[in-house]
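# Commentary on secondary and tertiary structure
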Amino acid sequence: MRKKKAEEKKTVMLCGTLLCPIIIGRPALFAAGGTLYRTSIVIALHKQTEDNIHFETKNTHYHLSMSPFPLAAMSPLPVRLTACA
């Protein structure tokens, strides 16, 4: 079986929300454009800021711009939204 080179990987750029923090060795879970995404296992976290994250899975480089809750990428705990009266 031939291994893919890094430059052969596809790149996906989306605007969305992480549903849990990125953890190497586990799939990423995020929502973008009304669709829920569960990736293959994350193998590298390349860049992480308050409003953007770049991570890599076996076949894909993901660039996710967090909106509207950018700090979800930085939170070590699950983020829950509640309604205010």
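The present account deals with the structure reproduced in this document. Note that the structure is predicted; figures quoted are calculated from it, not measured. (Residues numbered from 1 in each chain as written. Predicted model: local features only at pLDDT ≥ 70, side-chain atom pairs only at ≥ 80, totals over all residues. Heavy atoms only, no water.)

## A closer look at the packing of aromatic side chains
Our working rule: Ring pairs are drawn from Phe, Tyr and Trp, using the six-membered ring of Trp, whenever the two centres fall within 6.5 Å, and their geometry is named by plane angle: stacked under 30 degrees, edge-to-face over 60, tilted for the rest. For helices the rule is a DSSP run of H or I covering at least 4 residues; for strands it is a run of E covering at least 2, with both sets numbered from the N terminus onward.
As enumerated under the stated definition, the model contains four aromatic pairs in all. Judged by centre distance (5.0 Å) and plane angle (15°), the ring pair of phenylalanine 30 and tyrosine 37 falls under stacked. Where phenylalanine 30 meets tyrosine 62, the ring centres are 5.9 Å apart and the plane angle is 70°; that geometry is what we call edge-to-face. With a gap of 32 residues between them, phenylalanine 30 in strand 2 (residues 27–32) and tyrosine 62 in strand 5 (residues 60–66) connect regions that are remote in the sequence.

## Here we look at the pattern of salt bridges
The condition is simple: Salt bridge criterion: a side-chain nitrogen from Lys or Arg within 4 Å of a carboxyl oxygen from Asp or Glu. Accessibility here uses a 1.4 Å probe with only protein chains present; expressed as a share of the type maximum, an area under 20% marks a residue as buried, one over 50% as exposed, and anything in between as partly exposed.
Per the counting criterion, the structure on display carries one salt bridge. With a shortest N-O distance of 2.4 Å, lysine 9 and glutamate 56 are connected by a salt bridge. Taken together, the positions of lysine 9 in the segment before strand 1 (10–18) and glutamate 56 in strand 4 (residues 52–57) put the pair 47 residues apart, joining distant regions of the chain. With respect to burial, lysine 9 and glutamate 56 carry one shared label: buried.

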